[in-house]
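Below are the chains, spelled out letter by letter.
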Amino acid sequence: MTVDPKKTPKTIETRTRPAAQKGKKQYGIYKLGRDKFTVNMTRPGAAEADRPKDFATKDTTNVVFVFERVTGR
């Protein structure tokens, strides 16, 4: 995984490991809040030019992940 927090929006890249997609890159953007980490990623093998520009996914094959910190346990 590679991130670049200096870009706007912040960028993230990963390489997939499952057999059918092994080695294919996924390009995305992310934002980090106090208790929330949000990522919008392309499908494996997409071109870098297809990197999302925002967090909308309508009419795309992109996926948004939202990770929230659980507190008070």
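Residue indices begin from 1 for each chain and proceed along its sequence in written order. Totals for whole chains, interfaces and linings use all residues, but because this is a predicted model, local features are given only for residues with pLDDT of at least 70 and pairs of side-chain atoms are given and counted only at 80 or more. Each side-chain value is derived from all of the structure's non-hydrogen atoms; neither hydrogens nor water enter the calculation.

The next subject is the side chain of Thr16. Structurally, Thr16 can be placed in the loop between β2 (10-15) and β3 (25-32). Two N or O atoms count as a polar contact when they lie within 3.5 Å, although within protein this holds only if one can serve as hydrogen donor and the other as acceptor, and sequence-adjacent residues are included solely when both atoms are side-chain atoms. Among the polar contacts listed, one links the side chain of Thr16 to the backbone oxygen of Gln21, at a separation of 2.4 Å. If near-sequence neighbours (up to four positions away) are discounted, Thr16 is found in contact with Gln21, Lys22, Gly23, Lys24, Gln26 and Pro44. Note on conventions: DSSP H or I runs of at least 4 residues are helices, E runs of at least 2 residues are strands, and numbering of each starts at the N terminus. Any pair of residues with heavy atoms lying within 4.5 Å of one another is described as a contacting pair.

Here we come to the pattern of salt bridges. Whenever a carboxyl oxygen of Asp or Glu lies within 4 Å of a side-chain nitrogen of Lys or Arg, that contact is scored as a salt bridge. Counting across every chain of the model gives four salt bridges. Measuring nitrogen to oxygen at the nearest pair gives 3.1 Å for the salt bridge that ties Asp35 to Arg69. With a gap of 34 residues between them, Asp35 in the loop between β3 and β4 (36-41) and Arg69 in the segment after β5 (63-68) connect regions that are remote in the sequence. Each of Glu13, Lys25, Glu48 and Arg51 takes part in a single network of salt bridges with overlapping partners.

For two strands to be treated as a pair, DSSP must find no fewer than two bridges joining them. Pairing within the open sheet is antiparallel, and its five strands lie in the order β1-β2-β3-β4-β5. This sheet does not close on itself; its edge strands, each paired only once, are β1 (2-4) and β5. Taking each pair of neighbouring strands and ignoring which way they run, the sheet shows an average axis angle of 20 degrees. Relative to β3, β2 is paired through six bridges, and the arrangement is antiparallel. Bridge pairing in β3 places Thr11 opposite Ile29. In this analysis an axis means a line fitted to C-alpha atoms, helices contributing only their contacting stretch, and an angle means the value between N-to-C directions, from 0 to 180 degrees.

Next up on the list: the pairing of β3. The pairing of β3 with β4 spans five bridges and is antiparallel. From the neighbouring strand, Ile29 faces β4, where its bridge partner is Asn40.

Before going further, it helps to examine the packing of aromatic side chains. Ring pairs are drawn from Phe, Tyr and Trp, using the six-membered ring of Trp, whenever the two centres fall within 6.5 Å, and their geometry is named by plane angle: stacked under 30 degrees, edge-to-face over 60, tilted for the rest. Here the structure, examined in full by the defined rule, presents three aromatic pairs. Judged by centre distance (5.9 Å) and plane angle (25 degrees), the rings of Phe37 and Phe67 are stacked. Highlighted residues: Phe37 in strand β4 and Phe67 in strand β5, separated in sequence by 30 residues. What makes Phe67 partly exposed here is its relative accessible area of 46%. A ring pair is formed by Phe65 and Phe67, whose centres lie 6.2 Å apart and whose planes are at 15 degrees; its orientation type is stacked. By way of ring pairs, the aromatic residues Tyr30, Phe37, Phe65 and Phe67 are connected into one cluster. A ring is scored as having a charge over it whenever the NZ atom of a lysine or the CZ atom of an arginine sits within 6 Å of its centre and within 35 degrees of its normal. Seen from the ring of Phe55, Lys31 lies directly overhead, with NZ or CZ sitting 4.7 Å from the centre. For the exposure calls, accessible area comes from a 1.4 Å probe over protein chains only, and a residue counts as buried if that area is under 20% of its type's maximum, exposed if over 50%, partly exposed in between.

Honestly, that's just the spatial picture; any functional story needs more than this.
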